Structure formats: structure tokens, C-alpha cells
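Residues per chain are reported as follows:
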Amino acid sequence: MPRTRCRRTKTMPHLHVALVTEHPEASLIPLLQLRPQRVVLVAGRQQQQTAERLQILLQHELSSHTEIHRWDEMPERDPQRISAFATGLAQWLSRQQRDTPELTVTYDLADSDKLTALLFQQAMRHCKADWLYVDSRAGALYRMGPGLNPSTLEAVAIEPVLDVDTFLQANGRKRIKALSDNPAWRSAAERHKALTRYLGHQADKLAWLLSELHERIHGSQGVLGIADPGEGPRLDPAARQQRLSRAPHFPCTDALNELNTAGMLEWSSADPQRVSFSSLAGALYLGGGWLTEYAWLCAQEVGLHQACCGAHVLDLSGQHNGEPVVSDCLAVHHNQLLFIECLTTGPGPDACLQQGLKRLHDMLDHSAGLASTRLLLACGEFDRACQHLTDLQRSQGLEVAVIECGELKQLPVYLRHWMETGRWPQP
């Protein structure tokens, strides 16, 4: 029997059945687009918590009068029992239709396995139910009438109903403390736009300098002191004066002049190895913040206005929140999530590969379970390495796209391709 959490209305013209799977965001698309008056969430025991999250989310996203039922005892890996369960659900739906003759019933199977989908489709012949199929790649929501007669096939465009927060919450995560939520951060990113784009477009030529500055800021003797727990980063007064490992040459000297003029650091050609950091904002920018701002600016340029940077992503179960994931950039376009991490490594090809490979694996851990496009923006001396980070990504079969220094200037082009096709372009 179903569990029900509801407020009843006098008329209930539309009931939708959603089969909850490992990718609950797929179930949300037809629910938030069609906004039925009655919802049935079907889940196996392993997906009961997911169904509970969806129920809570739907109670906030849909009308307060929406009825939400849960059938969360669906058998698993047993065709006979699955068939009996689905048939019982269909018979219950048929009784609802008899009680309310004008009631329309739809169901979607999300990304369930083929056998389960076939058994449910067969069972739904016991009631008058339309099958819905969400094709995110084609951007279409297909609907086929009872009996799955091809002549009844209809298609409507999928609406962009998911944002970053609903996508994460459906998957048991919550976004808090995003840097880009702060108007002051966005204003600073706009002020830095010319400088940030200069660094992004010249990253291959400035790889040594940007890696060196990263080390001078974040290294063991770096300018950022260790803050007390719960406090933000701070400058170490005794370490504000730093020396580069070697004297810079063109075009790094031009870049240092630009950074000096912008107030990000203090540098003079009279003592070319000496750099001084007088502001925390400048140190954070040169310690990697510039690359995060570059990703955000590119997202704005191509119309990804839902992009958020520096977001703390918490696990709603509370199991992994001792060190919350801080995502460099998250964006959603037409219900698809883009998960971007930025990496500026220490100087030297070996450090680039070691740190880059770790970030690739960390990224898979951070985004585990999320049906997302994963992208790593990497700045360092990869071009001098015997093996590129992109080669490691390919050889190990890691499901992360990599953009190294020389390709950073192409990021807006790649983002547009992803927005148009739902796929990250192949190198």
C-alpha cells in the first residue's frame, strides 16, 4: 500500500508516476515541467532516502495542494516480484481512474534498467497511462498513449526546470557560501576582467610565472598564513616579501608589470626576483582565484548565468562535512550540470602531473553520483612534461575533460558547444 503525505484538492486531473533511480534529477524534469496535481514516487529499498529527498523537494517546488504518494518497497533483481509489484501499482491507478473519470495518468521510468522498464510498461496496460520519455540530448519530452501505440507519439520541448540548487538537493547535497553569491565578488571579477582574460589567454606563455606565484603564496613558506579553524585565510606579515626561484624574462616581465599596475603585487625590474604581497585580495587572486574568475567570466560571456563559483557543497547526510567540497564553478544549462575545478600547480613538470592527477581523482570523488559534465581547468608547465595531463586522463579512462594552458583561450567556444549539444567537445 502507498504512503501518502498530502493535502487534497477537489479536482485531480493529472497524476504522474515517477520511478526513482540513481539519478533522481531525471525524475524531476517531467514533474517540474508538467506540475501534476498528484505524484507517485516509486522506489526500491536502496532508493528510499532518495525518494524522501524528492518528496521534500517537491513539497517546496510544487503547489501546496499537491498530493505526494510513495511506493518505496519495489523489489529489486527479481523479475517475478517486480512484475507483481508493477501490476499492483497499475491496478491501484486503475481504481483511481474509476473514482475520478477525468483523471489523466502519466509515468516515466527515468534511467531504470531495461528489464524493469519492460516489466513496468507491460504492467501499465492494466490502466490508461501515458508513457513519458525524457531525451535530454534531443531536448524533447516524448509522450505515448496507452498501449504504446506509435500513432499516439507526441513531443514537446523540455523546459529548463532545474537549477544548481535543485540538482544538488535531489542528489543529497546542499550549496552554501558561494563566493559568486556576493555582489562584491562579482563586482571585483568584472573590474579584473581585462587582467583575468589576459592571464587566461597567455597562460601557456606565463605557465612558469603563474605556477611560481602560486608556490610563493600557498607553499610551505608562502605568504598565506595558517588560520585558526573557522577563520578565513590571512597574510603572514613576516612572509609578504617573497623571491622568485629565478629572474623572470619576457613575457613574464610584462605580466609582472600588469599585475603591479593592477595592485595585485609589488614588483620592479630593478630587483626582478623580488615580489611583495601587500593585500590578501591580491594574494588570493594570484594564488588561483584568477582562474576561477576566468571560468565565471567565460560562463557569463556565453550566457551561463546560473554559474556559481566557490560554493561549499555539503552532504545532507552529514557524513562527509568535516571538510566540505568547495567547487570552483557549478553551472546548469537545460537541466544539465557542469562541474568545473581549477588547478594552478607548483612549478615543474613533475609537480604538474602529480598534482593534476590527484585533482582528477578528487574531482571524481567530489562529483560521485552526479550526472554531470566534469571539467578540469589546469594551469602549469604541462607543455614541458614528458606526458600531458590530458594523456593521463585518456589513458586511465577518467571521465573528466581537461583544458590545459594553451586551450584556456578556447573555453568560451567549448562552453557554447556544450550548451548547444550537451556534450563536451572532443580534443
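On a predicted model such as this, the values are computed, not experimentally measured, just so you know.

Participant: Can you break down the overall build of the protein chain residue by residue, with the values?
Facilitator: Broken down by element type, the protein chain carries 13 helices and 18 strands. The buried share of the protein chain, taken over its 427 residues, is 52%. Sequence separation of at least 24 residues holds for 68% of the intrachain contacts in the protein chain that already meet a minimum separation of 6. Surface exposure of the protein chain reaches about 20200 Å², of which carbon and sulfur atoms provide 49%.

Participant: Just give me the short version of the packing of helix 8 (residues 207-218) against helix 10 (residues 280-302), but keep the residues and values in it.
Facilitator: Two elements in contact, helix 8 and helix 10, have axes separated by 9 Å at closest approach and are oriented at 125 degrees. Between helix 8 and helix 10, the interaxial angle falls into the category oblique. In this structure, the crossing between helix 8 and helix 10 has a hand that is left-handed. On helix 10, the residues that touch Leu210, Leu213, His214, Ile217 and His218 of helix 8 are Ala283, Leu286, Gly287 and Trp290. Of the residues belonging to the contact of helix 8 with helix 10, the class tally is six nonpolar, three polar and no charged.

Participant: Lay out the packing of helix 7 (residues 193-201) against helix 10 with the relevant residues and their values.
Facilitator: Where helix 7 contacts helix 10, the two axes come as close as 9 Å, and the packing angle between them is 100 degrees. On the basis of their axis angle, the class for helix 7 and helix 10 is roughly perpendicular. Taking contact as the criterion, the partners of Lys193, Leu195, Thr196, Arg197, Leu199, Gly200 and His201 in helix 7 are, on helix 10, Tyr285, Trp290, Glu293, Tyr294, Leu297 and Glu301. Class assignment for the residues of the contact of helix 7 with helix 10 results in six nonpolar, three polar and four charged.

Participant: Hey, could you go over the packing of aromatic side chains for me, with residue numbers and the actual values?
Facilitator: In total, this model carries six aromatic pairs according to the counting rule given. With a centroid separation of 5.9 Å and 35 degrees between ring planes, the pair formed by Trp131 and Tyr133 is classed as tilted. Residue classification places Tyr133 among the partly exposed positions, given a relative accessible area of 38%. Aromatic side chains Tyr133 and Tyr142 sit 6.5 Å apart centroid to centroid with 25 degrees between the ring planes, which places their arrangement in the stacked category. Ring pairing ties together the aromatic residues Trp71, Phe85 and Trp92, which thus form one cluster.

Participant: Please provide a residue-by-residue account of the sheet that holds strand 16 (residues 336-344), values included.
Facilitator: Reading across from one edge, 9-14-15-16-17-18 is the order of the six strands in this open sheet, with mixed pairing throughout. The sheet is open, and its two edges are formed by strand 9 (173-176) and strand 18 (401-403), each paired on a single side. Neighbour to neighbour, the strand axes of the sheet diverge by 40 degrees on average, direction disregarded. With three bridges joining them, strand 17 (residues 372-379) and strand 18 adopt parallel strand pairing. Note on strand 18: the bridge partner recorded for Leu375 is Ala401. Seen against the sheet, helix 10 touches strand 14 (308-315), strand 15 (325-333), strand 16 and strand 17 and runs at an angle of roughly 155 degrees to strand 16.

Participant: Could you give an account of the nonpolar core, with specific residues and numbers?
Facilitator: Ranked by size, the top nonpolar core spans 58 residues in total, and within it Leu286, Leu304, Leu377, Leu411 and Trp424 carry the most contacts. Take this core: its biggest share by element is twelve residues, from helix 10. Contact partners of Trp424, with chain neighbours within four places excluded, come to Leu338, Thr373, Leu375, Ala401, Ile403, Leu411, Tyr414, Leu415, His417 and Trp418. Counting residues in hydrophobic clusters, the runner-up holds 42 residues, among them Leu54, Val161, Ala311 and Leu337.

Participant: Lay out the pattern of salt bridges with the relevant residues and their values.
Facilitator: Scanning all chains against the criterion turns up 14 salt bridges. Across the pair Glu67 and Arg38 runs a salt bridge, and its minimum N-O distance is 3.3 Å. Note that Glu67 is positioned in strand 4 (residues 67-74) and Arg38 in strand 3 (residues 38-44), a separation of 29 residues in sequence. Given a relative accessible area of 1%, Glu67 falls into the buried group. Owing to a relative accessible area of 3%, Arg38 belongs among the buried residues under this scheme.

Participant: Can you break down helix 10 residue by residue, with the values?
Facilitator: Where helix 10 bends most, at Gly288, the angle is about 70 degrees. With 17 of 23 residues buried, helix 10 is to be regarded as a mostly interior element.

Participant: So what's going on with the pairing of strand 5 (residues 104-108)? Residues and values would help.
Facilitator: Most of strand 5 is tucked away, with four of its five residues classed as buried. Bridge count between strand 2 (residues 14-19) and strand 5: five bridges; the pairing is parallel. Residue pairing across strands places His16 opposite Thr106, the latter belonging to strand 5. The sheet contact formed by strand 5 and strand 6 (residues 129-135) spans four bridges and is parallel. Following the sheet pairing, Asp108 is matched in strand 6 by Leu132.

Participant: Give a detailed account of the environment of Leu224, specifying residues and quantitative values.
Facilitator: The residue Leu224 is located in strand 10 (residues 224-225) in this model. C-alpha separation for the pair Leu224 and Arg240, spaced 16 residues apart in sequence, amounts to 8.5 Å. Excluding anything up to four places from it in sequence, Leu224 contacts Ile217, His218, Pro233, Arg234, Leu235, Leu280, Ala283 and Leu284.

Participant: An account of the environment of Asp108 is needed here, citing residue identities and associated values.
Facilitator: The residue Asp108 is located in strand 5 in this model. Put simply, Asp108 and His16 are 92 residues apart on the chain and 8.0 Å apart in space, counted from C-alpha to C-alpha. With residues near it in sequence (within four places) discarded, Asp108 still touches His16, Val17, Ala18, Leu19, Ser27, Pro30 and Leu132.

What counts, and at which threshold
- Residues numbered from 1 in each chain as written.
- Predicted model: local features only at pLDDT ≥ 70, side-chain atom pairs only at ≥ 80, totals over all residues.
- Heavy atoms only, no water.
- Helix = DSSP H or I, 4+ residues; strand = E, 2+ residues; numbered from the N terminus.
- Buried < 20%, exposed > 50% of the residue type's maximum accessible area, 1.4 Å probe, protein only.
- Contact = heavy atoms within 4.5 Å.
- Areas by Shrake-Rupley, 256 points an atom, 1.4 Å probe, with all protein chains shown as cover.
- Axes fitted to C-alpha atoms, helices over the stretch in contact; angles between N-to-C directions.
- Parallel < 35°, antiparallel > 145°, perpendicular 65-115°, else oblique.
- Left-handed = near helix turned anticlockwise from the far one by under 90°.
- Nonpolar A, V, L, I, M, F, W, Y, C, P; charged D, E, K, R; others polar.
- Phe/Tyr/Trp six-rings, centres within 6.5 Å; stacked < 30°, edge-to-face > 60°.
- Pairing = 2+ DSSP bridges.
- Core = buried A, V, L, I, M, F, W, Y, C linked by side-chain atoms within 4.5 Å.
- Salt bridge = Lys/Arg side-chain N within 4 Å of Asp/Glu carboxyl O.
- Bend = angle between axes of the 7 residues up to and from the residue.

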